[in-house]
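Breakdown of the fold
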Number of protein chains: 2
Amino acid sequence: MNAISSSTITHHHLPVACYRPGTNQLSLIRARQEVVVQPQPQEKATSRAARLANSLSNLLHLHLETPLQKNLQYTDWNFLDQGNRTSPITSPREDISTKWREIHGSCDWENLMDPLHPWLRREIVKYGEFAQATYDAFDFDSFSEYCGSCRYNRHKLFDKLGLTKNGYMVSKYIYAMSHIDVPSWLERSHLVDTWSKDSNWMGYVAVSDDEESRRIGRRDIVVAWRGTVAPSEWFEDIQGKLEPIGDGDGDVKVEHGFLNIYTSKSESTRYNKSSASEQVMKEVRRLVSLYKQNGEEVSLTITGHSLGGALALLNAYEAAKALPDLPISVISFGAPRVGNTAFRDELHQMGVKALRVVVKQDIVPKMPGFVLNEGLQKFNEITGTLEWVYTHVGAELKLDVHASPYLKRGGFNLPGVHSLETYLHLADGFRGTNLTFRSDARRDIALVNKACGMLANELRIPECWYQLDNKGLVRNAYGRWVKPNREPEHIPSPSREVSLHASFVEMHGHYQGNQPLLSV
Amino acid sequence: MNAISSSTITHHHLPVACYRPGTNQLSLIRARQEVVVQPQPQEKATSRAARLANSLSNLLHLHLETPLQKNLQYTDWNFLDQGNRTSPITSPREDISTKWREIHGSCDWENLMDPLHPWLRREIVKYGEFAQATYDAFDFDSFSEYCGSCRYNRHKLFDKLGLTKNGYMVSKYIYAMSHIDVPSWLERSHLVDTWSKDSNWMGYVAVSDDEESRRIGRRDIVVAWRGTVAPSEWFEDIQGKLEPIGDGDGDVKVEHGFLNIYTSKSESTRYNKSSASEQVMKEVRRLVSLYKQNGEEVSLTITGHSLGGALALLNAYEAAKALPDLPISVISFGAPRVGNTAFRDELHQMGVKALRVVVKQDIVPKMPGFVLNEGLQKFNEITGTLEWVYTHVGAELKLDVHASPYLKRGGFNLPGVHSLETYLHLADGFRGTNLTFRSDARRDIALVNKACGMLANELRIPECWYQLDNKGLVRNAYGRWVKPNREPEHIPSPSREVSLHASFVEMHGHYQGNQPLLSV
């Protein structure tokens, strides 16, 4: 069988990156300025947080206070403060065209994950950054009439986020709503007259440009799904109610709340006259057809963090049903369980490859199956049954917050541990289960603290620093602080979404030129 | 007696500003864009906040839910959102030189406060903005080696804060330390190698320029004292321990903690080899002598908010002792009681004029005398004795948060009510106890929410919006997020403070030119 023979391809078929033994110590670039840190008094944990951590710790049998690697405790912070400031933030991009299928799970990532192959690591970070973009560009301002939208139009998204060199172009934005009340899911404006009353920007479809397509050996379509930021929301969100999916005999079941967000639509809305499912599938079909007509090899990679990881799996299921010949992989971060064993088995049979990146200390991937008892301030395991009913799909890459010498010791930071930037930092430094943090990890460590406070104080990176100057207020010519109107080009408009695509299809019904998507 | 005859001067001696009767409604400048606001579900008060508010309300006999003026309930938000954006933010500056002494309390503000005379209001706001500058420019970043300093040098302070047109020049920065442990008072850096381990920037001395001096009829020396921001700190700070002050018979007593901050010094420090008291008095003496040599009339106005208001009173006491002929006034905001009746009486005898601006719902002016019982989550009145022992000084201008149609209804926001920007907003709109909020108040309403969330949601001003872009991190040429070094000109240096002043005295021992302080 083909499947079996291909599974004999192992890690060693890929060029091995230079693991320089003996360079576990961080490079010692000495800086003139000494940055010494006072011994901090133990930070006050609120009693609630302490109880939570304790309860969670007991339940998960974690040893929160014990670092993974003792030899990682002594960190040269000067390295970070000065020397590392001037190194590139990305690893070199090798041509991975011949090995792309393996990297995307054709052999279920056997022998690629532990130790983690650098090419795979690089792709994991690449897709994780696609998911991170859905947070970074989201308008969370409840006093904005555009609350819940993307702050930039799709042509400028990567540019505005400093991701211009990622080799992809955004072709479509996806919007979602929900018919049922999924608490703390939808971001709503306080205003009545808003861009949309019911929908949120929920992600996007992007496609590799010619250069990136050459590097990876195919035209790669990416779908990135936005999640919810705070894991506390999950404790309310997940109700543990399974619902049949697809047109089978009803055996295949998935979480009611996730499916509802993925499939809800309403004629009375501006952005969800079609569901997220319909929007994304229409665009994927269009792109697949477009590039296949051109004789290109096409693949679909779906990514998402948290709730976004759940939606990625539902999306993969639907796409695999609809486009059986298309290679489909899912790379998810901190995603909960989505469906039952029949769901997992069918995804497997259809050849969907799923790589779940999971931080050991994160509670979300253990859900459904745990609930937060608000009254008792502790986690309860609902039943063994639920854990058994909801089943994870695919291969797991397990990360550990204690592996990074840059993160705070002790304590427990639920949102911080679940944060996608923490995932990306740990993935960037991961070499293998019994190996120290990668000394030549290049991803900017400051990014971890974008929306949490996980970094050690010694790094002097403020907590939750990702914020606008004066929350977007500017002083006008009269000296008054006002909220400027959003630039017209970045104002969402359903008609523009539709008409642009209509005109695109008219103009590019037969794909001929380069970079067709940027010409729209 | 002179004092009696001068007290017959009343409000009516001053030109009366145009109170246009019938313009209680806000001007109706209609804007094209309708800004309609959804009826908000009652915002969830945390049970703690609710209990606090309830307990406080009962104790203070407040009626939190009842607006002061029913006819203020219907606000035309469009006015603010659009029309008001283009009006000037300051009232016209009239020549007040002939009435300056009355405005500064020569008649104890009788007949000037209710209704509030517009010239007095304008001066109150002016001095309040001097106090506000001590917060706005303060470096609160505990990851900065300059935490606790002023972010700008004294020559650029007003410029950086957009106060260039206030007509004053900063001549000296004041630093303070404390020998006793006053909890939550000192802002400390997490780092060891910092600009100062023991001291905080605590305020400044400024002096009116020639143009402003002409307008007000004298050379006005201002001392602005920084306070603590959160009133919760006060619950710990004030221990209710009186200590003798001055060289009298020991009858005059003031709060131990305040006096300690005002008088502490240590040879081992960089910025408090002399105490705040010594620093400020040396500079005041120097300026008084400088301008008196030039034949000018000179006055001293001391301002401060919260703890800063307490320090202002101690400063006034010392200055009145040292410079008996100098007209001295204090304009304080949300200040606690400072000393006993003997302290009050001596200030009175020495002719110090104190105007205390107090928001009725603010707890801090009621202290010492109340403590927060953390365990029971309620306020306890310690004893009637304490209230009797600690006595307020001077005249009180009482403001009410319910008077402003722009502030949130209901609930109780302890830090918001105590915030200096809330005080300045209420003062700017205050016409009199039984009068509606001033319709032609010009101060920018958005400022209220700088560091709290007091403004009604309808105004669409984010809460706590006064913040740096990405908390001061910037992306360097390599794509990394780094904290830039402070510009050398804004790095505090004790030697520069000293040498600049030494050279100033050498160069300008005899005052001759214009704006001598800017030439330093």
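Residues numbered from 1 in each chain as written. Chains lettered and ligands numbered in written order. Predicted model: local features only at pLDDT ≥ 70, side-chain atom pairs only at ≥ 80, totals over all residues. Heavy atoms only, no water.

For chain A, an unreviewed UniProt entry supplies the name Fungal lipase-type domain-containing protein and the organism Tetracentron sinense. Note on chain A: under the UniProt heading Subcellular location (unreviewed entry), the record states "Plastid, Chloroplast". (UniProt positions renumbered as here; feature names shortened; annotations may be inferred.)

So, about the overall build of chain A. The number of helices and strands found in chain A is 16 helices and 13 strands. Approximately 22000 Å² of chain A is accessible, and the part contributed by carbon and sulfur atoms is 52%. (Helix = DSSP H or I, 4+ residues; strand = E, 2+ residues; numbered from the N terminus. Areas by Shrake-Rupley, 256 points an atom, 1.4 Å probe, with all protein chains shown as cover.)

All names here are of chain B. Using the criterion set out here, one finds zero disulfides over all chains in the structure. The thiol sulfur of C452 is not disulfide-bonded, and the nearest other cysteine sulfur, from C464, lies at 6.5 Å. Looking at C452, the relative accessible area reads 3%, which means it is buried. (Disulfide = S-S within 2.5 Å. Buried < 20%, exposed > 50% of the residue type's maximum accessible area, 1.4 Å probe, protein only.)

Below, the discussion takes up the sheet that holds strand β2 (residues 200-208) of chain B. Residue and element names in this part refer to chain B. Sheet architecture is open: seven strands sit in the order β1-β2-β3-β6-β7-β8-β11, paired in mixed fashion. The open sheet is flanked by β1 (168-176) and β11 (395-399), the only strands paired with a single partner. Direction aside, the axes of adjacent strands within the sheet are offset by 15° on average. Pairing between strand β8 (residues 353-359) and β11: five bridges, direction parallel. By the bridge assignment for β11, L355 is matched with A395. Helix α10 (residues 276-293) rests against β1, β2, β3 (219-225) and β6 (298-305) of the sheet, and its axis sits at about 155° to β1. (Pairing = 2+ DSSP bridges. Axes fitted to C-alpha atoms, helices over the stretch in contact; angles between N-to-C directions. Contact = heavy atoms within 4.5 Å.)

Next up on the list: helix α15 (residues 420-429) of chain B. Residues and elements named next belong to chain B. Here α15 lies mainly inside the structure; 10 of its 10 residues are buried. Within the span of α15, buried status applies to L420, E421, T422, Y423, L424, H425, L426, A427, D428 and G429. Tucked inside the fold, the buried residues of α15 contact α5 (118-136), β6, β7 (328-333), β8, β11 and α14 (414-418).

Cis geometry marks the peptide bond from D114(A) to P115(A); its omega dihedral reads 5°. Here P115(A) shows up in the loop between α4 (100-103) and α5 (118-136). One non-glycine residue, S306(A), adopts positive backbone phi at about 65°. Residue S306(A) is classed as buried on the basis of its relative accessible area, which comes to 0%. Even without glycine at this site, N470(B) takes up a positive phi of about 50°. With respect to the helices, strands and loops of the structure, N470(B) is situated in the loop between α15 and β12 (474-475).

Bringing the sheet that holds strand β7 (residues 328-333) of chain A into the picture now. Residue and element names in this part refer to chain A. Taken together, seven strands build an open sheet; the order of strands is β1-β2-β3-β6-β7-β8-β11 and the sheet is mixed. Two strands in the sheet have a free side with no partner beyond their single neighbour: β1 (168-176) and β11 (395-399). Adjacent strand axes in the sheet meet at a mean angle of 15° when their direction is disregarded. Pairing of strand β3 (residues 219-225) with strand β6 (residues 298-305) involves seven bridges; the strand directions are parallel. In the sheet register, D220 faces β6, and the bridge partner there is S299.

Residue and element names in this part refer to chain A. Put simply, helix α9 (residues 256-263) and helix α11 (residues 307-322) touch, their axes get as near as 10 Å, and they point 70° apart. Regarding the angle of α9 to α11, the classification is roughly perpendicular. Crossing geometry of α9 relative to α11 is assigned as right-handed. In this structure, α9 uses F258, L259, I261 and Y262 to contact α11, whose residues at the interface are L307, A310, L311, L314, N315 and E318. (Parallel < 35°, antiparallel > 145°, perpendicular 65-115°, else oblique. Left-handed = near helix turned anticlockwise from the far one by under 90°.)

Each regular strand displays side chains that alternate between the two surfaces of the sheet. Residue and element names in this part refer to chain A. A large share of β6 lies buried, amounting to eight of its eight residues. Here β6 shows two buried faces, one formed by V298, L300, I302 and G304 and the other by S299, T301, T303 and H305. Pairing geometry for β6 and β7, over six bridges, is parallel. Bridging across to β7, I302 finds its partner in V330.

Another aspect to go through is the pattern of salt bridges. Using the criterion set out here, one finds 54 salt bridges over all chains in the structure. Put simply, E123(A) and K126(A) hold a salt bridge, and the shortest N to O gap is 3.2 Å. Within this pair, E123(A) and its partner K126(A) are both found in helix α5, separated by three residues, close to a single helical turn. Pair check on accessibility: E123(A) and K126(A) agree, each one buried. Taking the shortest distance from any N to any O, the salt bridge between E145(B) and R460(A) comes out at 3.1 Å. Taken together, the residues E145(B) in the loop between α5 and α6 (157-160) and R460(A) in the loop between α15 (420-429) and β12 (474-475) connect one chain to another. A single burial state applies to E145(B) and to R460(A), both of which are buried. Several salt bridges share partner residues, and in doing so they unite E129(A), D136(A), E421(A), R443(A) and K450(A) into one network. (Salt bridge = Lys/Arg side-chain N within 4 Å of Asp/Glu carboxyl O.)

All names here are of chain A. When you tally the buried positions in α9, you get seven out of eight residues, the bulk of the element. Within the sequence span of α9, burial applies to H256, G257, F258, L259, N260, I261 and Y262. N-capping of α9 is provided by E255, with a side-chain oxygen placed 2.8 Å from the backbone N of G257. (Polar contact = N/O pair within 3.5 Å; in protein donor to acceptor, adjacent residues only side chain to side chain.)

Residue and element names in this part refer to chain A. Per the stated rule, a full pass over the model turns up 30 aromatic pairs over all chains. On the basis of an interplanar angle of 45° and a centroid distance of 4.6 Å, the ring pair of Y175 and Y271 is categorised as tilted. Placement of the pair is Y175 in strand β1 and Y271 in the loop between α9 and α10 (276-293), with a sequence separation of 96 residues. On the basis of relative accessible area, Y271 is assigned to the buried category, the value being 6%. Here the aromatic cluster, defined as three or more aromatic residues joined through ring pairs, consists of Y127, F130, F158, Y168, Y173, W201 and Y204. Across from the ring centre of Y466, 5.3 Å away, lies the NZ or CZ of K450, which sits over that ring. (Phe/Tyr/Trp six-rings, centres within 6.5 Å; stacked < 30°, edge-to-face > 60°. Lys NZ or Arg CZ within 6 Å of the ring centre and 35° of its normal.)

Residue and element names in this part refer to chain B. Topologically, G308 is positioned in helix α11 (residues 307-322). For G308, a relative accessible area of 0% corresponds to the buried category. Considered as a pair, G308 and R188 are 120 residues apart in the sequence and their alpha carbons are 18 Å apart. In contact with G308, other than residues within four places in its own chain, are W225, R226, G227 and T303.

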